[in-house]
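# Fold and geometry: a report
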Amino acid sequence: MAFVGKKFPDLNVDAMNEMGDTFKLNVLEEAKNNNKKVLLFWYPKDFTFVCPTELHAFQEALAEFEKRNTIVIGASCDTPEVHFAWLNTSKENGGIEGVTYPILADSNRNLSSTLGILDITNETYNEETGIVTVEGDNVTYRATYLIDEEGTVFHEGVNHMPVGRNVAEFLRLIDAYAHVQKNGEVCPANWEEGKDAMSANRDGVASYLASH
């Protein structure tokens, strides 16, 4: 199910911060109550391989997201305790020490299941035993959601496990959406801050294509 153009699910989820505090976090409320955009990125597992490179990349760009009035939140299906152990593991040892944004611990998979981003290829129900078994790791793909100040999703994307994300692209998407919000123009292919946008009508596209 696609969530672009819809409100992000209104669910409270356990989260962990770098101080070791476990608390409830509602992504929709974070956006609406703080009047901020939210970038929520999911990764498969703590203590793995591509994942720490992404968490550090988002941390390194955190000031750029903050400049854009955007909250960064990580997420996986690990427990808060495992998150805290990883937060206390040094970068040199494959850990995420130094990450300061909150990380969702969706261990009951309520939110990830609602979003439809779990690696489940098949479910089988045994009528005799009443047991449901699944094929797949039952962890999340590398899904990313950009949510505006009203709680509406304006971007979602899903990468397979081996493919890490490009953090700069999410900054570009936030810039583009902010330009649309502020100016009422639309942003053409490969648009970046400072480049020409265009009016969303026949004359606008004709003028843009004629000059580019």
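In case you missed it, the structure is sitting above this.
Small disclaimer: the values here were computed from a predicted structure and weren't measured.

## Concerning the packing of aromatic side chains
Throughout the structure, instances matching the rule amount to nine aromatic pairs. Through pairs of rings, three or more aromatic residues link up here, namely Phe41, Tyr43, Phe47, Phe58, Phe65, Trp86, Tyr101 and Phe170.

## A closer look at the nonpolar core
With 24 residues, the main nonpolar core has Leu39, Phe41, Leu55, Phe58, Phe65, Val72 and Tyr101 as its most contacted residues. Looking at this core, the elements with two or more residues in it are strand 3 (37-42), helix 2 (50-60), helix 3 (62-67), helix 4 (80-87) and helix 6 (167-183). It is helix 6 that contributes the most residues to this core, five residues altogether. In this structure, Tyr101 is in contact with Phe41, Leu55, Phe58, Gln59, Leu62, Val72 and Gly74, ignoring residues within four places of it in sequence.

## A closer look at the side chain of Arg142
On the secondary structure map, Arg142 appears in strand 8 (residues 142-147). Polar contacts involving the side chain of Arg142 include one to the side chain of Glu54, which spans 2.9 Å.

## Overview of helix 4
Residues Pro80, His83, Trp86 and Leu87 constitute the buried set of helix 4. Here the buried residues of helix 4 occupy an arc of 120° about the axis, which is enough to place them on one side.

## Considering the pattern of salt bridges
According to the stated counting rule, one finds nine salt bridges in the structure shown. When the shortest N-O distance is used, the salt bridge between Arg142 and Glu54 registers 2.9 Å. Taken as a pair, Arg142 in strand 8 and Glu54 in helix 2 lie far apart in primary sequence, 88 residues in all. On the accessibility criterion, Arg142 (3% relative accessible area) is buried. Here Arg172 makes a salt bridge to Glu169, at a shortest N to O gap of 2.9 Å. One end of the pair, Arg172, and the other, Glu169, are both in helix 6, three residues apart, so they sit about a helical turn from each other. Several salt bridges converge on common partners, so that one network encompasses Glu64, Lys67, Arg68 and Asp175.

## Quick word on the environment of Lys36
Among the structural elements, Lys36 can be located in the loop between helix 1 (27-34) and strand 3. Distance in space between the C-alpha atoms of Lys36 and Ala210 is 36 Å, their sequence separation being 174 residues. Excluding anything up to four places from it in sequence, Lys36 contacts Ala31, Asn69, Ile71, Ile147, Asp148 and Glu149. Within the local environment of Lys36, its side chain forms a polar contact with the side chain of Asn69, the two groups lying 3.0 Å apart.

## Side note on the environment of Ala85
Among the secondary structure elements, Ala85 is positioned in helix 4. For Ala85, a relative accessible area of 36% corresponds to the partly exposed category. As for Ala85 and Arg202, which are separated by 117 residues in sequence, their C-alpha atoms are 56 Å apart.

## Brief notes about the pairing of strand 4 (residues 70-76)
With seven of seven residues buried, strand 4 is to be regarded as a mostly interior element. As judged from the six bridges shared by strand 3 and strand 4, these two strands associate in the parallel manner. Counterpart to Lys37 in the pairing with strand 4 is Thr70. Note: strand 4 against strand 5 (residues 103-105), three bridges, orientation parallel. By the bridge assignment, Ser76 is partnered in strand 5 with Ala105.

Parameters and conventions
- Position numbers for residues start from 1 in each chain and track the written sequence from start to end.
- Restriction of local features to residues with pLDDT of at least 70 applies here, the model being predicted, together with a cutoff of 80 or more for giving and counting side-chain atom pairs; totals for whole chains, interfaces and linings are based on all residues.
- Water and hydrogen atoms play no part in the side-chain values, which are based on all heavy atoms of the structure.
- Any Phe, Tyr or Trp ring, taking Trp's six-membered ring, that has another such ring centre within 6.5 Å forms a pair; planes under 30 degrees apart are called stacked, those over 60 apart edge-to-face, and the others tilted.
- To form a nonpolar core, buried Ala, Val, Leu, Ile, Met, Phe, Trp, Tyr and Cys residues must be joined to one another through side-chain atoms within 4.5 Å.
- Accessibility here uses a 1.4 Å probe with only protein chains present; expressed as a share of the type maximum, an area under 20% marks a residue as buried, one over 50% as exposed, and anything in between as partly exposed.
- Put simply, DSSP H or I for four residues or longer makes a helix, DSSP E for two residues or longer makes a strand, and each gets a number counted from the N terminus.
- Two residues form a contact once any of their heavy atoms are found within 4.5 Å.
- We define a polar contact as two N or O atoms separated by no more than 3.5 Å, with the added condition that, inside protein, one atom must be a possible hydrogen donor and the other a possible acceptor, whereas residues neighbouring each other in sequence contribute only through side-chain atom pairs.
- The directions considered for the arc run from the helix axis to the C-beta atoms.
- Salt bridge, as used here: a side-chain nitrogen of Lys or Arg that lies within 4 Å of a carboxyl oxygen of Asp or Glu.
- Here, strands pair whenever DSSP counts at least two bridges between them.

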